Amino acid sequence: MRRALSLLKLTTIMIGTACPALGVFAAAQPVLWSALRPADQSRLDVALPGMASSRSQGETLAWRDESRAVELTGFILPVDQDGDLVYEFMLVPWAGACSHSAAPPPNQLVHVVADEPFHLSRVYEVVTVTGNLRPGLDKAQLFIMDGVRVLDYGYSMSHAEVARATGIADPDLKSISPFGVLAR
């Protein structure tokens, strides 16, 4: 009887937390990149590609609500992939971050482990991740075009739903072109 109750409880937990078809993340709150940094750290204080900065390196984390599911849109920088399947990645606010330019500060980097592998169709694909955003400084090692790089990140999201982004309205989301940084 006890075993049956344990299995029932485990099944309920698994269905309730992992099944997107049941709308577990249906009430997810859209979050902009600016919500991840303190209000007094404007986006002008965040080192953009090609900029050296003597300012704070973004170790101050502003997001603290781990209990609420959120949606955040950004660019994929794969950490663990097999061909076009990405299992784990860094979500970054601009294309080219870390491989073509300086890394964003920790409070602008999110380490994501996808619930299911994501089929990457191009480099720096724009995606929306949905899940619980956990603050906490940590490091991740990844291989990029010019070698291995260790990145400090400020947030993580496990068991995240990942989807191609549609309708991007975040002013901090940027693309890099030969002419510099462009708003997306």
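Here, the structure is the one placed above.
Residues numbered from 1 in each chain as written. Predicted model: local features only at pLDDT ≥ 70, side-chain atom pairs only at ≥ 80, totals over all residues. Heavy atoms only, no water.

Draft legend 1. Layout of the environment of Lys 139. Within the secondary structure, Lys 139 sits in strand E6 (residues 134-144). Each C-alpha atom of the pair Lys 139 and Asp 152 lies 4.5 Å from the other, and the pair is 13 residues apart in sequence. Ignoring sequence-local partners within four residues, the contact set of Lys 139 consists of Val 150, Leu 151, Asp 152 and Tyr 153. Within polar-contact distance, the side chain of Lys 139 engages the side chain of Asp 152 at 2.5 Å. (Helix = DSSP H or I, 4+ residues; strand = E, 2+ residues; numbered from the N terminus. Contact = heavy atoms within 4.5 Å. Polar contact = N/O pair within 3.5 Å; in protein donor to acceptor, adjacent residues only side chain to side chain.)

Draft legend 2. How the structure looks around the environment of Arg 37. Among the structural elements, Arg 37 can be located in the loop between strand E1 (29-30) and strand E2 (69-82). Given the relative accessible area of 7%, Arg 37 is considered buried. Along the sequence, Arg 37 and Leu 61 sit 24 residues apart, while their C-alpha atoms lie 5.6 Å from each other. (Buried < 20%, exposed > 50% of the residue type's maximum accessible area, 1.4 Å probe, protein only.)

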